[in-house]
Amino acid sequence: MDNPQISPGLHPNCTIVPPYLLVRLAKLDDPRFAQAAAAARASLLRDSQIRQLRGGTHPFAYSGARTLPARTPGQSDRTISDAGGQERLPGRRVRAEGQPAGSDPAVNEAYDGLGATQNLFWTQYGRDSIDGAGLPMDATVHYGKEYDNAFWDGERMVFGDGDGQVFNRFTISSSVIGHELTHGITQFTANLQYQDQSGALNESISDVFGALVEQHAQTQSTDEASWLIGEGLFTDQVEGVALRSMKAPGTAYNDDVLGKDPQPGSMADYVETEEDNGGVHLNSGIPNRAFYLVAEAVGGNAWETPGRIWYDTLTGTGLRRDSDFAAFAAATTETAARLYGSGGTAHDAVLRAWATVGVLTGSE
Amino acid sequence: MKVIVSRSGGMAGIRLTWEVRVEEQPDPATWADFLNSLPWDDVTDSEATPDRFAYRIRCAPHEVVIAEPQVNGPWRDLVNRVRAANGM
Ligand SMILES: [Zn+2]
């Protein structure tokens, strides 16, 4: 049985309203259902499901009857598979939700990292898994031979072992695991196009929540956190501490073989390139630093006010698939004013951060 | 004649480039035949997906960019051969 947590047909104890039902409720004009319809609309907007359902192009758009998961909201449903060095997915199932840790660190790290990610999103933002509706979290480890990468393939997170010379295994850093899972969340929400500035925002959002997964799990305030993405991923043969630094983009590594970390930290150094989908992993340094600056200005735990502003922006209605840095800056500014008051500390911090990195001008 | 394979993107966003000078290889004729046999004109754009590698492959007058999921068959073979010739 593939999904022991999913029962066939409607489960009487289910407390989760499936999105297709929310859409039906939201469309009801009958005044008798006005309150339910309004609540349904609010719920839809909260999870941003409505855009996917309207568009009809989403790969996971719900179509007609679905089974309902018999699960407690917020309860993670993880499955880790082992590709055994092949590039075939999903691989062999090696650990399901609730099973004890084994001897393979990659399996244990993936399992724990997915749990930490679910924990952040559920406890802090009330988001239940990748789709906001308890989608099972699937990951594959030991993908490929000496594979130097991790990615979200639209359905699952995939982690390579690294080559052992430059890269260790990609599960070694919980910020990397959080990064990949956040790609899934972005796909189900703003679905930012993976090209140029919207692509760099897609990347940055994964770095932001990847960092927050780590900070939240280790209870680190902004002052205490490293603000590094992929700490420990490089072997000790590499001159570098991590893949990226959100606090100081461009300073994560400086190595004979890899060269210097090429990330810019402001628009003055924006990289125009055709490679890497228009430099999505490079220019993400700019919005990454903006987030850090907000966290620094607000103080305390970054997953609280700063994380909430970014999360609400990602899942709200203020972004388009092709939103650029300026549009994202405007949207986060609007979210900060709406949630924490116009002219308040948070609103002011967001405005100043985007001005410092050169995205907004004349905002003082 | 030379072939250059440049891999960008990936979660790490680190670009690596491998180059092979065909005439310096022990079997230059095999290399030349192989390079000429590649389906250079059949490469089509595909939608970018998060954190996958992108391969830019140059062998004058040809230049193609292929997303990692499409690096199959002869292209996969090429990337492996070029990396092997570079010792990694
Ligand atoms: Zn990414």
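So, here's what we can say about the structure. (Residues numbered from 1 in each chain as written. Chains lettered and ligands numbered in written order. Predicted model: local features only at pLDDT ≥ 70, side-chain atom pairs only at ≥ 80, totals over all residues. Heavy atoms only, no water.)

**Some details on the coordination of the zinc ion**
Part 1 of the argument: Note on the zinc ion: its protein donors are His179(A) (NE2), His183(A) (NE2), Glu203(A) (OE), Asp51(B) (OD) and Asp51(B) (OD). The metal-donor distances range over 2.0 to 2.4 Å. With His179(A) and His183(A) both in helix H5 (residues 174–188) and four residues apart, the pair spans about one turn of that helix.
Part 2 of the argument: Classification of His179(A) as buried rests on a relative accessible area of 0%. (Donors = N, O, S within 2.8 Å, 3.2 Å for Na, K, Ca; no water. Helix = DSSP H or I, 4+ residues; strand = E, 2+ residues; numbered from the N terminus. Buried < 20%, exposed > 50% of the residue type's maximum accessible area, 1.4 Å probe, protein only.)

**Side note on the packing of aromatic side chains**
Part 1 of the argument: The tally for this structure, following the rule as stated, stands at 21 aromatic pairs over all chains.
Part 2 of the argument: Arranged with centres 4.9 Å apart and planes meeting at 10°, the rings of Tyr125(A) and Tyr311(A) form a pair that is stacked. Of this pair, Tyr125(A) sits in helix H4 (residues 105–125) while Tyr311(A) sits in helix H9 (residues 305–315); the two residues are 186 residues apart in sequence, bridging distant segments of the chain. Each member of the pair, Tyr125(A) as well as Tyr311(A), carries the same accessibility label: buried.
Part 3 of the argument: With a centroid separation of 5.0 Å and an interplanar angle of 75°, the aromatic rings of Tyr143(A) and Tyr147(A) are classed as edge-to-face. As far as the burial class goes, Tyr143(A) and Tyr147(A) line up, both buried.
Part 4 of the argument: One aromatic cluster is present, built from ring pairs that chain together Trp227(A), Phe291(A), Tyr292(A), Trp310(A), Phe328(A) and Trp354(A).
Part 5 of the argument: For Arg95(A), the ring lying beneath its charged end belongs to Tyr111(A), and the centroid distance is 3.5 Å.
Part 6 of the argument: Here the guanidinium or amino end of Arg7(B) rests over the ring plane of Phe53(B), the centre of that ring lying 3.8 Å away. (Phe/Tyr/Trp six-rings, centres within 6.5 Å; stacked < 30°, edge-to-face > 60°. Lys NZ or Arg CZ within 6 Å of the ring centre and 35° of its normal.)

**Some words on the pattern of salt bridges**
Opposite charge on two side chains permits pairing when their charged atoms draw close.
Part 1 of the argument: One pass over the structure, following the stated rule, counts 18 salt bridges over all chains.
Part 2 of the argument: Taking the shortest distance from any N to any O, the salt bridge between Arg244(A) and Glu203(A) comes out at 3.9 Å. Within this pair, whereas Arg244(A) is found in strand S7 (residues 244–245), its partner Glu203(A) is found in helix H6 (residues 196–217), the two being separated by 41 residues in sequence.
Part 3 of the argument: For Glu203(A), a relative accessible area of 0% gives the class buried.
Part 4 of the argument: Taking the shortest distance from any N to any O, the salt bridge between Glu63(B) and Arg56(B) comes out at 2.7 Å.
Part 5 of the argument: Overall, Glu63(B) belongs to the partly exposed group, its relative accessible area being 46%. (Salt bridge = Lys/Arg side-chain N within 4 Å of Asp/Glu carboxyl O.)

Coordinates in, geometry out; function isn't part of it.
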